[in-house]
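These are the residues of each chain, in order.
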Amino acid sequence: MNGAESLVHTLLACGVDTCFANPGTSEMHFVAALDHIPGIRCVLALFEGVASGAADGYARIAGKPAATLFHCGPGLANGLANLHNARRANTPIVNIVGDQATYHRPLDAPLTADTEGWARGVSAWVRTAASAAAVGADAAVAVQAARTAPGQIATLILPADTAWDEGGVVGTPLPVPPPGQVAPATVRDIARVLRSGEPALLFLGGAGVRAAAAALAHRIAAATGARLLAQMFNARIERGRGRVPLERLAYPVDQALAQLAGARHLILAGAREPVAFFAYPAKPGRLAPPDCVVHVLARPEQDIAAALALLADELGAPEVALPDPGPRPAPAEGAISPEAFARTLAALLPEGAIVADQSVTFGRALFPLTNAAVPHDWMQATGGAIGDGIPLATGAAVAGRGRRVISLEADGSAMYTIQALWTQARERLDVTTVIFANRKYAILLHELANVGANPGRTALDMLDLSNPDLEFVRIAGGMGVEAARAETMEAFADLFSQSLRRPGPFVIELAT
């Protein structure tokens, strides 16, 4: 057994059965091992940023890590932006990165790079295998690190000779540490705060926005008068009818300040203290009121649902009915607008759907207006790096096993990783992608005003995506995905409904 074969056997023994890959020369023995050792589903991506984003989306839905395969340091570098998003989502991923053979590295061949250094910025655990005999044990530790709460990125660098040399040993799966438990004294302290009668806000993130945890938070809020709010960007929110309709912290600073205004106590349950996404002249970076006291009920790596359950019991919070979101809306007609699109999405979204949202400015109205939809999951790009949406949807569809994935994508961000459509076609994934085609970087036009810049023609041209226009119907077709353009809400509703009745991917270019 060579080192590469021991790596495949170890990944399978540790429960890792999916690999999103863009391999190169240094990884050929690992590729060969994946071929003759059955059990791992290999999904080819045409760009490493697609592979890393797909691994993120996969793990958010599967609840376990996928592997990625990158070619040396530059291949890892191509995947770093979406690994940054995955790190912010606390997503478990095991990166396998090829490298120069140990004895070739001193020659400083062209692809030689500081691979470990590049990996550390997005990884909780990094190691370079020293020999074929060590690869299996290293891989077992990598999976353990990735699965450690709240979910981490582990990067194993595999020099070519450690893959092809004989002497590989299958690593023994290692126990995964359970998430930390909240101290009873912490629960009692938070309960005293909530009983004080002073305005309090329970701020949810991580596993706190999953359905069961959110229902516990709703009980606590109902019993104490505290307000509920979810953090700005979340890896996966379970929402729709029969679930708590969580409001999220707004992206614009002024709106976020208004949401948090009046809170005397801010209680964090899986969330971090809210801060502005960027610094703006004459606006605060910390968003909680200056006189607000911040309390930590549970950190992201702790058992958030258990902490909320203990707090509900401490308060004697009874079971309460969930708010009625009202009737499911009818599809909108006429001109396209964010509100009309949101109503139509809520009307037509299939039960159990997974929404991957990188709709940016157009999508800000979507979340509150889709509370009356059937139960579904909603994923966001969590780290602010553009180009995560279509890869997220791709990985979610691999993990979803028949659940329809709806990818909501701005046209500018779509072009970062549009190659993911090819992977969707190749894998016959059930993804409906809606591209909001306004032919500009709309969010940056807002940011010009937010920072007080005074743009002229040169600046505005850099934010314009016309001349020539991007034609997504043709782009999708060139990658094997059927597509059509909608210029009215009726046309969109018809295309969207058709896409749900057919297997495989479909793209709708929405003229916004």
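Higher on the page you've got the structure.
Keep in mind that this is a model prediction, so the values were computed, not measured.

Enquirer: What exactly am I supposed to notice about the overall build of the protein here?
Expert: When its secondary structure is counted, the protein shows 19 helices and 17 strands. Taken over the C-alpha trace, the protein has a radius of gyration of 24 Å; the compact-globule value for 512 residues is 24 Å, and the two agree within 12%. Considering only C-alpha atoms, the protein reaches an extent of 65 × 60 × 50 Å along its principal axes. By the burial criterion, 54% of the 512 residues in the protein qualify as buried. Contacts spanning at least 24 positions in sequence make up 80% of the contacts within the protein whose residues lie at least 6 apart.

Enquirer: What should I look at first to understand the sheet that holds strand β5 (residues 125–128) in this one?
Expert: A sheet is described by the order of its strands in space; here six strands give the open sequence β2-β1-β3-β4-β6-β5, paired in parallel fashion. The open sheet terminates on both sides in strands that have one partner only, identified here as β2 (41–44) and β5. With strand direction ignored, the average angle separating the axes of adjacent strands in the sheet is 20 degrees. In this sheet, strand β4 (residues 93–99) lies alongside strand β3 (residues 66–70) in parallel orientation, the contact comprising five bridges. Among the inter-strand pairings, leucine 69 is bridged to a residue of β4, identified as isoleucine 96. Contacting β3, β4 and β6 (153–159), helix α4 (residues 72–88) crosses the sheet at an angle of about 165 degrees to β4.

Enquirer: Help me understand the sheet that holds strand β17 (residues 506–511) in this model?
Expert: Note on sheets: strands pair through backbone hydrogen bonds, and any given pair is parallel or antiparallel. With mixed pairing, seven strands are arranged side by side in an open sheet as β9-β13-β12-β14-β15-β17-β16. A single partner strand is all that each edge strand has here, and the edge strands are β9 (237–239) and β16 (482–486). Across this sheet, the average inter-strand angle for adjacent strands is 20 degrees, counted without regard to direction. When strand β14 (residues 405–410) meets strand β15 (residues 431–437), the two strands line up parallel, connected through six bridges. Residue pairing for β15: leucine 408 is matched across the bridge by valine 434. Across the sheet, helix α12 (residues 338–348) is in contact with β13 (376–380), β14, β15 and β17; its angle to β14 comes to roughly 170 degrees.

Enquirer: Help me out: how do you make sense of the nonpolar core in this one?
Expert: For soluble globular proteins, nonpolar side chains are generally found buried alongside one another. Counting 61 residues, the largest nonpolar core has Leu297, Leu308, Phe341 and Leu408 as its most contacted members. Judged by nonpolar contacts, the second largest core, of 44 residues, contains Met379, Ile390, Ala393 and Val431.

Enquirer: What is the right way to read the environment of valine 50 from this model?
Expert: Residue position: valine 50 is located in helix α3 (residues 48–62). Distance from valine 50 to aspartate 388, taken between C-alpha atoms, is 7.8 Å for residues 338 residues apart in sequence. If near-sequence neighbours (up to four positions away) are discounted, valine 50 is found in contact with Ala45, Pro391, Thr417, Gln419, Ala420 and Thr423.

Enquirer: Would you mind showing me how to read the packing of aromatic side chains here?
Expert: A ring pair, where both rings are aromatic, is described by two values, the distance of the centres and the angle of the planes. Here the structure, examined in full by the defined rule, presents 10 aromatic pairs. Ring centres of phenylalanine 20 and tyrosine 58 lie 5.9 Å apart, and the angle between their planes is 65 degrees; on these two criteria the pair is classed as edge-to-face. Here the residue phenylalanine 20 occupies a position in strand β1 (residues 18–21), and tyrosine 58 occupies one in helix α3, the gap between them amounting to 38 residues. Of the residues examined, tyrosine 58 reaches a relative accessible area of 3% and is grouped as buried. For the pair phenylalanine 341 and phenylalanine 362, a centre-to-centre distance of 6.1 Å together with 70 degrees between the ring planes defines the contact as edge-to-face. With phenylalanine 341 in helix α12 and phenylalanine 362 in the loop between β12 (354–358) and β13, the pair connects residues that are 21 residues apart, well separated along the chain. Each member of the pair, phenylalanine 341 as well as phenylalanine 362, carries the same accessibility label: buried. Taken together, the aromatic side chains of Phe341, Phe362, Phe436, Phe492 and Phe496 make up a single cluster linked through ring pairs. Positioned over the ring face of tryptophan 378 is arginine 239, at 5.0 Å from the centre of the ring. Between lysine 283 and the ring centre of tyrosine 280, over which it is positioned, the NZ or CZ distance is 6.0 Å.

Enquirer: What is the right way to look at helix α2 (residues 28–36) in this model?
Expert: Because each turn of an α-helix spans 3.6 residues, side chains separated by three or four positions in sequence point in the same direction. Considered for burial, the residues of α2 that qualify are Phe30, Ala33 and Leu34. For α2, the angular spread of buried residues about the axis comes to 100 degrees, placing them on one side. Buried residues belonging to α2 abut α1 (3–13), β2, β3 and β4.

Enquirer: Can you walk me through the packing of α1 against α2 in this structure?
Expert: In helix packing, the relevant descriptors are the interaxial angle and the interaxial distance, both defined with respect to the helix axes. It is the contact of α1 with α2, at a shortest axis distance of 8 Å, that shows an interaxial angle of 50 degrees. The angle between α1 and α2 places the two elements in the oblique class. In this structure, α1 meets α2 at a crossing whose hand is right-handed. Contacts from Ala4, Glu5, Leu7, Val8 and Leu11 in α1 reach His29, Phe30, Ala33, Leu34 and His36 in α2. Residue classes in the contact of α1 with α2 are distributed as seven nonpolar, two polar and one charged.

Enquirer: Which parts of the structure should I look at to understand the pairing of β13?
Expert: Note on strand geometry: in a regular strand, side chains alternate between the two faces of the sheet. The buried fraction of β13 amounts to five of the five residues, a majority that puts the element mostly inside the structure. The alternating pattern of β13 places His376, Trp378 and Gln380 and Asp377 and Met379 on opposite faces, both of which are buried. Of the pairings in the sheet, the one linking β9 to β13 comprises three bridges and is antiparallel in character. Note that in β13 the partner of glutamate 238 across the bridge is aspartate 377. Bridge count for β12 against β13 is four bridges, and the pairing is parallel. Of the residues in β13, the one forming a bridge with alanine 356 is methionine 379.

Enquirer: Even after reading the chapter, I still don't get the environment of alanine 353, so can you show me in this structure?
Expert: Here alanine 353 shows up in the loop between α12 and β12. Note on alanine 353: relative accessible area 1%, which makes it buried. The spacing of alanine 353 and methionine 415 is 62 residues in sequence and 24 Å in space, taken between C-alpha atoms. Ignoring sequence-local partners within four residues, the contact set of alanine 353 consists of Pro375, His376, Asp377, Arg403 and Arg404.

Enquirer: I'm lost on the pattern of salt bridges in this one. Help?
Expert: For side chains bearing opposite charge, pairing can occur when the charged atoms are close. The tally for this structure, following the rule as stated, stands at 21 salt bridges. The closest approach of N and O atoms between glutamate 482 and arginine 502, which form a salt bridge, is 2.5 Å. One end of the pair, glutamate 482, is in strand β16; the other, arginine 502, is in the loop between α19 (489–500) and β17, and 20 residues separate them in sequence. Here the salt bridges share partners, and the residues they tie into one network are Arg210, Arg236, Glu238, Asp377 and Arg403.

About the criteria used
Residues numbered from 1 in each chain as written. Predicted model: local features only at pLDDT ≥ 70, side-chain atom pairs only at ≥ 80, totals over all residues. Heavy atoms only, no water. Helix = DSSP H or I, 4+ residues; strand = E, 2+ residues; numbered from the N terminus. Rg over C-alpha atoms; globule rule 2.2 N^0.38 Å. Buried < 20%, exposed > 50% of the residue type's maximum accessible area, 1.4 Å probe, protein only. Contact = heavy atoms within 4.5 Å. Pairing = 2+ DSSP bridges. Axes fitted to C-alpha atoms, helices over the stretch in contact; angles between N-to-C directions. Core = buried A, V, L, I, M, F, W, Y, C linked by side-chain atoms within 4.5 Å. Phe/Tyr/Trp six-rings, centres within 6.5 Å; stacked < 30°, edge-to-face > 60°. Lys NZ or Arg CZ within 6 Å of the ring centre and 35° of its normal. Arc of directions from axis to C-beta. Parallel < 35°, antiparallel > 145°, perpendicular 65-115°, else oblique. Left-handed = near helix turned anticlockwise from the far one by under 90°. Nonpolar A, V, L, I, M, F, W, Y, C, P; charged D, E, K, R; others polar. Salt bridge = Lys/Arg side-chain N within 4 Å of Asp/Glu carboxyl O.

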